[in-house]
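Residue-level structural notes
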Amino acid sequence: MSQRVVIDPVTRIEGHAKISVFLDDDGQVSDAKFHVVEFRGFEKFCEGRPFGEMPGITARICGICPISHILASAKTGDDIFGVQIPPTAEKLRRMMNLGQITQSHALSFFHLSSPDFLLGWDSDPAKRNVFGLIQANPDLARAGIRLRQFGQEVIELLGGRKIHPAWAVPGGVREPLSRENHKYMLDRLPKERETILMTLGLFKNMLDGLKEEVENFGSFRSLYLGLVTRDGAQWEHHDGDLRVVDADGNVLVDALDPRRFNEIIGEAVEPHSYLKSPYYKPMGYPQGMYRVGPLARLNVCTSIGTPLADAELAEFRARGSNGIVQSSFMYHYARLIEILAALERINILLLDPEILSTRVRVHGSVNKLRGVGVSEAPRGTLFHDYEVDENGLIKKANLIIATGNNNIAMNRTVKQIAQHWIKDVPMNGKPQIKEGFLNPVEAGIRCYDPCLSCSTHAVGQMPMHVTMYDAAGNVVDEKVRN
Amino acid sequence: MSFLDMDEFLIDLAEKVEVVYSPVVDPKIYPADVDVAFIEGAIANTDNLELAHKIRKNTKIVVSFGDCAVTANVTGMRNPLGGPNIVLDRAYRDARLLRPQIPHDDDIVPDLVERVCPVHNVIKVDLFIPGCPPSAKRIRKVLEALLAGKPPEMIGQEMLKFG
């Protein structure tokens with residue numbers, strides 16, 4: 001009879017999840033499953049609310065990538081208005097999304113994942129985290145923290161706050177960019193570019209020593225889906241069309257208006273997870289497995305369109321075949337390249353003569369009864385799809401969350417890793433698996449940088465064991481008292 | 001997430017505190033004798049409920065952290081609709097889905113509680129920090145007070161505003 005070992009909770013990810021590893025009678029892994037255990041009900045409780053409220057409400061789905069929801073929701077509102085927003089508004093929205101890509105990717109790399117490969121998969125679990133990284137490599141940790149801070153500052157300088165800014169609205173944005181904030185960003189950029197180039201160098205040097213991870217962390221054939229520019233199918237994160245390529249680099253879907261996403265994406269429900277499993281309809285479920293996010297975006301685009309990032313892309317692709325890199329471990333690498341791309345693009349936008357224009361919003365009313373808005377969230381393609389009545393009240397809302405797109409692939413990944421790392425588990429009594437072998441299974445999920453939480457429970461608890469110091473820095477007590 | 005927005009203060013903090021249980025560290029079991037716990041989020045399912053009790057039992061100071069923990073906020077928006085089946089039906093039994101069903105794997109997927117509620121409805125809370133999210137500045141002020149062994153002064157818009 002098969003036995004189940006549960007990893008609960010999966011840590012160093014955003015949100016709440018568990019992983020089951022199933023063992024057969026001989027102590028070999030027969031299967032593994034990834035479970036998302038939170039559910040909110042946004043699709044239902046948004047019904048009856050004005051669509052203009054949706055950016056503010058749906059932002060609360062998540063604290064890491066609220067900007068993606070704000071932008072996708074505002075774009076859905078543009079579609080319901082049936083308006084073209086002012087060019088500067090579009091550029092500022094793009095800038096905010098690039099700030100978010102920077103902060104979210106830096107968080108994924110420095111704060112969450114790098115302790116695995118910088119400190120070691122089986123290093124002391126009590127120290128294998130960002131605080132352990134601060135102790136072991138304070139310069140790198142500080143550079144990573146500052147890089148993430150810059151991304152958050154771009155968001156704050158545009159929208160007034162770092163998390164959940166009430167800024168992008170149907171028809172544009174509420175505030176233009178000030179001269180002072182414009183200068184601050186331009187001044188900070190060179191230092192942050194230096195940090196990401198240094199980190200890319202560090203990661204590339206490490207890759208040769210990580211062959212086993214590259215070969216076993218979600219290394220399999222799949223489809224890839226993402227937005228590309230309408231003109232030239234370059235890397236895109238805000239607008240553009242959908243493209244799907246297969247494992248050999250053949251383009252299966254090209255120049256598809258994102259409003260037609262329903263034609264190619266279906267969703268299945270599994271009893272073991274609150275996360276639905278989207279699939280590519282023409283190939284059915286679960287064969288229609290596709291991946292989204294940094295790895296997919298680099299696999300679907302023709303080029304990035306900025307010089308430093310394109311040079312990195314060429315090196316990246318040399319590690320794959322037919323222009324396709326298929327290991328999910330390479331999400332980390334792709335994420336670093338995307339930070340570089342984001343910084344280069346922020347620079348281009350800041351130098352744009354229109355960027356300080358104060359014409360950033362148009363007004364409209366309900367002209368269409370359905371709207372679709374799409375955005376490339378840091379972790380993949382995000383869809384908002386609303387039906388409204390004549391007064392603009394939501395009749396039906398459907399959201400395909402970026403992370404969900406990777407659900408089938410995440411399940412395949414945990415199984416592949418578990419079968420490679422966990423072998424011959426003694427089956428007398430309750431099976432015990434060494435922590436150092438379970439951590440790589442969790443790390444397989446970290447590659448995708450999933451964002452599972454919602455506003456309700458979100459990042460969770462921060463309990464602490466506190467040592468007290470006096471003003472002179474002397475230890476007065478080891479514990480906090482009321 | 002807002003916690004990480006304290007940026008380089010995290011480096012100072014790393015010298016003064018030991019983070020023993022959190023989504024950003026790996027230990028899976030909530031330890032005994034914890035000094036301070038920040039609980040984020042409302043009580044929305046049975047896992048949340050169980051963990052809240054475990055935290056209370058093993059912690060000296062329990063902090064209700066953020067608007068969802070303090071008021072249930074957006075998480076509680078499903079309450080006026082009735083029980084959880086109404087939102088579950090809409091999400092998982094829509095006719096357009098393949099294999100429509102409410103996720104139910106008993107050992108793994110926790111049941112939703114009938115009504116979402118704030119943390120202090122189920123356990124005693126010692127301190128409330130509102131905000132959606134609380135700003136990094138607000139969090140830092142609370143931490144600095146706790147590190148100094150004093151109760152934080154939760155006064156004025158900077159420390160108390162919702163949203």
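All of these numbers come straight from a predicted model, not from anything done at the bench.

**So, the pairing of strand β13 (residues 380–388) of chain A**
All names here are of chain A.
- With respect to burial, β13 is a largely interior element, eight of its nine residues being buried.
- Both strand β12 (residues 370–377) and β13 contribute to a ladder of eight bridges, which runs antiparallel. Looking across to β13, one finds that Val372 is bridged to Asp385.
- Adjacent in sequence and paired antiparallel, β12 and β13 are bridged by two residues.
- Judged from the six bridges that link them, β13 and strand β14 (residues 394–400) form a sheet pairing that is antiparallel. Note that in β14 the partner of Glu387 across the bridge is Lys396.
- The hairpin turn running from β13 into β14, its antiparallel successor, is five residues long, and Gly392 in that turn takes a positive phi close to 80°.

**Digging into helix α14 (residues 435–447) of chain A**
All names here are of chain A.
- Its 13 residues place the ends of α14 19 Å apart at the C-alpha level, agreeing with the 18 Å of an ideal helix rising 1.5 Å per residue.
- Within α14, eleven of the 13 residues are buried, which leaves the element mostly enclosed by the surrounding structure.
- Of the positions making up α14, those classed as buried are Gly436, Leu438, Asn439, Pro440, Val441, Glu442, Ala443, Gly444, Ile445, Arg446 and Cys447.
- Those residues of α14 that are buried are in contact with β1 (3–7), β2 (17–23), β3 (29–36), α4 (87–119), α11 (331–350) and α13 (407–421).
- Just downstream of α14, Asp449 is the residue with a positive phi angle, here 45°.

**Points about the interface of chain B and chain A**
- Taken together, the contact between chain B and chain A spans 78 residues of the former and 84 residues of the latter.
- Interface area for chain B against chain A, summed over the two sides, is near 7,700 Å², with a carbon-plus-sulfur share of 60%.
- In this assembly, chain B and chain A are joined by 13 salt bridges.
- Taken together, chain B and chain A are joined by 31 residue pairs in polar contact (both at pLDDT 80 or more).
- Looking at the side of chain B that touches chain A, the elements with two or more residues in it are α1 (9–16), β1 (17–19), β2 (34–40), β3 (43–45), α2 (46–57), β4 (59–65), α4 (84–92) and α5 (136–147) of chain B.
- If one sorts the elements of the side of chain B that touches chain A by residue count, β2(B) sits on top with seven residues.
- By residue class, the composition of the side of chain B that touches chain A is 47 nonpolar, ten polar and 21 charged.

**Describing unusual backbone geometry**
Residue and element names in this part refer to chain A.
- Here Asp8 and Pro9 are connected by a cis peptide whose omega angle stands at -5°.
- Mapped onto the elements, Pro9 comes out in the loop between β1 and β2.
- Despite not being glycine, Arg12 has its phi angle at roughly 55°, a positive value.
- Locating Arg12 in the fold gives a position in the loop between β1 and β2.

**Some details on the packing of helix α7 (residues 179–207) of chain A against helix α10 (residues 307–318) of chain A**
All names here are of chain A.
- In contact at an axis separation of 13 Å, α7 and α10 are set at 10° when each is read in the N-to-C sense. Classified by the angle their axes make, α7 and α10 are roughly parallel. Contacts from Arg193, Leu197, Leu200 and Lys204 of α7 reach α10 at Leu308, Glu312 and Glu315.
- Its residues placed into classes, the contact of α7 with α10 shows three nonpolar, no polar and four charged.

**Side note on the packing of α10(A) against α11(A)**
All names here are of chain A.
- Interaxial distance between α10 and α11 falls to 8 Å at its minimum, and their mutual angle equals 165°. Taken together, the axis directions place α10 and α11 in an arrangement best described as roughly antiparallel. Crossing of α10 over α11 shows left-handed handedness. Note on element contacts: α11 touches α10 through Tyr333, Ala334, Ile337, Leu340, Ala341 and Glu344, opposite Pro307, Leu308, Ala309, Glu312, Leu313, Glu315 and Phe316.
- Of the residues in the contact of α10 with α11, the class split is ten nonpolar, no polar and three charged.

Calculation notes
Residues numbered from 1 in each chain as written. Chains lettered and ligands numbered in written order. Predicted model: local features only at pLDDT ≥ 70, side-chain atom pairs only at ≥ 80, totals over all residues. Heavy atoms only, no water. Buried < 20%, exposed > 50% of the residue type's maximum accessible area, 1.4 Å probe, protein only. Helix = DSSP H or I, 4+ residues; strand = E, 2+ residues; numbered from the N terminus. Pairing = 2+ DSSP bridges. Expected span 1.5 Å × (residues − 1). Contact = heavy atoms within 4.5 Å. Buried area = accessible area lost by both parts, 1.4 Å probe. Salt bridge = Lys/Arg side-chain N within 4 Å of Asp/Glu carboxyl O. Polar contact = N/O pair within 3.5 Å; in protein donor to acceptor, adjacent residues only side chain to side chain. Nonpolar A, V, L, I, M, F, W, Y, C, P; charged D, E, K, R; others polar. Axes fitted to C-alpha atoms, helices over the stretch in contact; angles between N-to-C directions. Parallel < 35°, antiparallel > 145°, perpendicular 65-115°, else oblique. Left-handed = near helix turned anticlockwise from the far one by under 90°.

Limitation: the analysis is restricted to geometry and does not speak to function.
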